[in-house]
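Observations on the model geometry
One-letter residues, chain by chain:
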Amino acid sequence: MAKPKFFHFLGCIIPHRYPSIEKAAKLVFEDLGIELLDMVGATCCPAPGVFGSFDRVTWATISARNLTIAEEGGAPITTGCNGCFASLWDSAHELKEDEELRKRVNENLAEIGREFKGTVEVTHYVDVLVYTAGFDKIRKKIVRPLSGVRMALHPGCHWMRPRALKQKDDSERPRIFRELCETSGAEYVPYRDELICCGAGGAVRTADIKVSLDFTRQKFDSINKAGGADIIVTPCPFCELQLDLGQVEIQKHFGIEYQFDVLHVVELLALAFGHDPDEFGLKTHLQYMQRKSEPALDRLGLSA
Amino acid sequence: MASTESQPIVIDEPDTSFAEMIRATGGPNIQSCFQCGTCSGSCPAGARTNYLVRLIIRKALLGLKEAVISAPELWYCTTCYTCQDRCPQEVNPTDVIKAIRNVAVAHGHMLMNHRKTAAKVVETGHAVPLDKESWQKLRASVGLEPVPPNASGNPWAIEEVRKITKVSGFEKLIGYEELMKAEAEKAKKKE
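Source: prediction; values computed, not measured.

Notes on the environment of Glu178 of chain B
You can see Glu178 of chain B is positioned in helix H11 (residues 176-190). Residues Glu178 of chain B and Lys190 of chain B, 12 residues apart in the sequence, show an inter-C-alpha distance of 19 Å.

Notes on the domain arrangement of chain B
Partitioning chain B into structural domains gives domain 1 (18-106) and domain 2 (112-190). Look at where the C-alpha atoms of domain 1 of chain B and domain 2 of chain B centre, and you get two points 31 Å apart.

Focus on the interface of chain A and chain B
When the parts come together, some accessible area is lost, and that loss is often what is quoted as the size of the interface. Contacts between chain A and chain B engage 64 residues on the former and 59 residues on the latter. Interface area for chain A against chain B, summed over the two sides, is near 5300 Å², with a carbon-plus-sulfur share of 63%. Among the residues of chain A in contact with chain B, His16, Arg17 and Phe54 of chain A are the three that bury the most area, contributing 14% of the side total. Applying the counting criterion to the chain A and chain B interface returns 7 salt bridges. Put simply, Asp214 of chain A and Arg48 of chain B hold a salt bridge, and the shortest N to O gap is 2.6 Å. Top element by residues in the side of chain A that touches chain B is helix H3 (residues 48-54) of chain A. It accounts for 7 residues.

Description of the sheet that holds strand E6 (residues 187-188) of chain A
All names here are of chain A. In space, the 4 strands of this open sheet follow the order E6-E5-E7-E8, with parallel pairing throughout. Each edge of the open sheet is held by one strand with a lone partner, namely E6 and strand E8 (261-264). Pairing of strand E7 (residues 231-234) with E8, which is carried by 4 bridges, proceeds in the parallel orientation. Of the residues in E8, the one forming a bridge with Val233 is Leu263. Helix-sheet contacts for helix H14 (residues 265-272) involve strand E5 (150-153), E7 and E8, and the interaxial angle to E8 is about 90°.

Some words on the nonpolar core
Core analysis: the biggest nonpolar cluster contains 141 residues, and Phe51 and Leu129 of chain A together with Ile100 of chain B have the highest contact counts within it. The element contributing the most residues to this core is helix H4 (residues 56-73) of chain A, with 8 residues. For Ile100 of chain B, the residues in contact, after removing those within four places along its chain, are Phe18, Ile22, Ile56, Ala60, Val68, Ile69 and Leu74 of chain B. By size, the runner-up hydrophobic cluster in this structure holds 12 residues, among which are Leu213, Leu243, Ile250 and Val262 of chain A.

A word on the domain arrangement of chain A
Residue and element names in this part refer to chain A. For chain A, the assigned domains read domain 1 (5-125) and domain 2 (144-300). Averaged C-alpha coordinates put domain 1 and domain 2 at centres separated by 24 Å. Contact residues are listed per partner, giving 27 residues for domain 1 and 32 residues for domain 2. Between domain 1 and domain 2 the total buried area reaches about 2400 Å² when both faces are included, carbon and sulfur atoms providing 73% of it. When the area that domain 1 buries against domain 2 is broken down by residue, the three leading residues are Tyr18, Ser20 and Asn82, summing to 26%. Linking domain 1 with domain 2 are 1 salt bridge. Ionic pairing is found between Asp90 and Lys166, a salt bridge with its closest N-O pair at 3.4 Å. Taken together, domain 1 and domain 2 are joined by 9 residue pairs in polar contact (both at pLDDT 80 or more). Elements with a minimum of two residues in the side of domain 1 that touches domain 2: helix H1 (13-16), helix H2 (19-31), H3 and helix H5 (82-97).

Observations concerning the state of the cysteines
All names here are of chain B. Scanning all chains against the criterion turns up 0 disulfides over all chains. You can see Cys39 has no disulfide; the closest cysteine sulfur is in Cys83, sitting 6.3 Å from it. Considering cysteine sulfurs only, Cys83 is the nearest to Cys77, which forms no disulfide, with 6.3 Å between them.

Quick word on the sheet that holds strand E3 (residues 77-79) of chain A
Residues and elements named next belong to chain A. Strand order in the open sheet made by the 4 strands is E2-E1-E3-E4, with parallel pairing throughout. At either margin of the open sheet sits one strand with a lone partner, and together these are strand E2 (35-38) and strand E4 (122-124). Shown here is a sheet whose adjacent strand axes are inclined to one another by a mean of 40°, direction ignored. Along the sheet, helix H7 (residues 125-133) contacts strand E1 (5-9), E3 and E4; its crossing angle with E4, the most-contacted strand, is approximately 85°.

Comments concerning the pattern of salt bridges
Residues and elements named next belong to chain B. Per the stated rule, a full pass over the model turns up 31 salt bridges over all chains. Across the salt bridge formed by Lys65 and Asp15, the nearest N and O atoms sit 3.4 Å from each other. Of the two residues, Lys65 sits in helix H4 (residues 65-69) while Asp15 sits in the segment before helix H1 (18-26), which places them 50 residues apart along the sequence. Where Arg139 meets Glu145, a salt bridge forms, and the shortest distance between an N and an O atom there is 3.8 Å. The buried category is assigned to Arg139, whose relative accessible area is 0%.

Looking at H14 of chain A
All names here are of chain A. Within H14, 8 of the 8 residues are buried, which leaves the element mostly enclosed by the surrounding structure. Restricting attention to buried positions, one finds in H14 the residues Val265, Val266, Glu267, Leu268, Leu269, Ala270, Leu271 and Ala272. Positioned one or two residues after H14, Gly274 has a phi angle of 100°, which is positive.

What to know about the packing of helix H3 (residues 53-61) of chain B against helix H6 (residues 93-106) of chain B
When two helices pack together, their arrangement is given by the angle between the helix axes and by the axis-to-axis distance. All names here are of chain B. One can describe the packing of H3 onto H6 by two numbers: an axis separation of 11 Å at closest approach and a directional angle of 60°. With respect to each other, H3 and H6 are oriented oblique. Between H3 and H6 the crossing geometry is left-handed. Judged by residue contacts, Val53, Ile56, Ile57 and Ala60 of H3 engage Pro93, Val96, Ile97 and Ile100 from H6.

What counts as what
- Residues numbered from 1 in each chain as written.
- Chains lettered and ligands numbered in written order.
- Predicted model: local features only at pLDDT ≥ 70, side-chain atom pairs only at ≥ 80, totals over all residues.
- Heavy atoms only, no water.
- Helix = DSSP H or I, 4+ residues; strand = E, 2+ residues; numbered from the N terminus.
- Domains from an automatic or database assignment.
- Contact = heavy atoms within 4.5 Å.
- Buried area = accessible area lost by both parts, 1.4 Å probe.
- Salt bridge = Lys/Arg side-chain N within 4 Å of Asp/Glu carboxyl O.
- Pairing = 2+ DSSP bridges.
- Axes fitted to C-alpha atoms, helices over the stretch in contact; angles between N-to-C directions.
- Core = buried A, V, L, I, M, F, W, Y, C linked by side-chain atoms within 4.5 Å.
- Buried < 20%, exposed > 50% of the residue type's maximum accessible area, 1.4 Å probe, protein only.
- Polar contact = N/O pair within 3.5 Å; in protein donor to acceptor, adjacent residues only side chain to side chain.
- Disulfide = S-S within 2.5 Å.
- Parallel < 35°, antiparallel > 145°, perpendicular 65-115°, else oblique.
- Left-handed = near helix turned anticlockwise from the far one by under 90°.

Okay, here's the thing in structure tokens:
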């Protein structure tokens, strides 16, 4: 069988702030026999709640420009970011449904000799892991199960919402992301506010950082109320930034200290697949860089 | 004693075309809102700020455009879509809010921080750019090439974005030239 191939849409936060996620994705996808192709010249998705809030036509045009790169290359796109996924998936969807929008976007794209044709499929890492690789193959690759590690989940919003449109999972009782994370062998810790937003999206982090961090605090408190967790796992780098660097910012703005190690789902799988944390640079998470601290490897059963 | 005869207090001039503008991009069902409040009751932003989706939609339907688009709380929605998933009338409240924000920006209501973020994409192709050498070193330290294959290493891609944002009117909308001029002057003063 031919190796499945996907254009790897990096976005901004993964390659520019959390490169450990990019590296972990490369390790995990290679282990699973899935090829990631460079998407040369791709830009910001651009952020759905930010640019979509400013000017829908410009948002859809820049997003469509990214889609045309994959259309030319003839392979589907995958991304490890909920926000990038939302922009690329939503714009592809809206451009197919809304003729007036498509006309205006293609008029703009004509300026740079491009045209949105509507032939590209947009996926999230979660889709590729669950449906292209599959749980059976993933389970076979788990050589270092994270048994006994207490794992809280933060699925985030834009992979599964709006539910009626995305049709990915039940956004009130999601199970797919949980099943994927549980393949690592870590113990799922339910908490009341698992499904609330991290607080970063919709241009709120830029508008008012304290309001944004107040969401994050609520999540942390809710996890602690449920008995605490060793790690928080998310499928999104913007959520990861908010939950990871957010701990440093919460300490600065509110004087409250939290200690959670935050992992992207591909970082979790890289560990469970037997890769050492240094192979993908777990310690480069901005929380550790700013606090001059280290990941709590002993809690992950990884201490030397 | 002052007259007790009541005089109407004018908050806003109703604009009946406002709901139409919202309907165009925010979905067809805004008029179906029966003010149940499921949106606000589900809203994590509403739980900690004065942002009330239900109130904004009511005002929008009354045509109180200026009051709605100038309200700072319009920008507290994180677009988590919980209200949209729960709305029993398929009003698509999150999309409605995004549509109202588009109208607000078109009327000059845009925060400075948001203008700066928008300008980053025009200038670098990325909202969060690879703007320091330390970020390249961070990449190298995890075993990746220092500059990724996206727009950060491909000036032609940024050029394409510039052309798009010029022709779509986005540069003018965010006052890109003025912003860049102000940044340059600020840098000069520092020297």
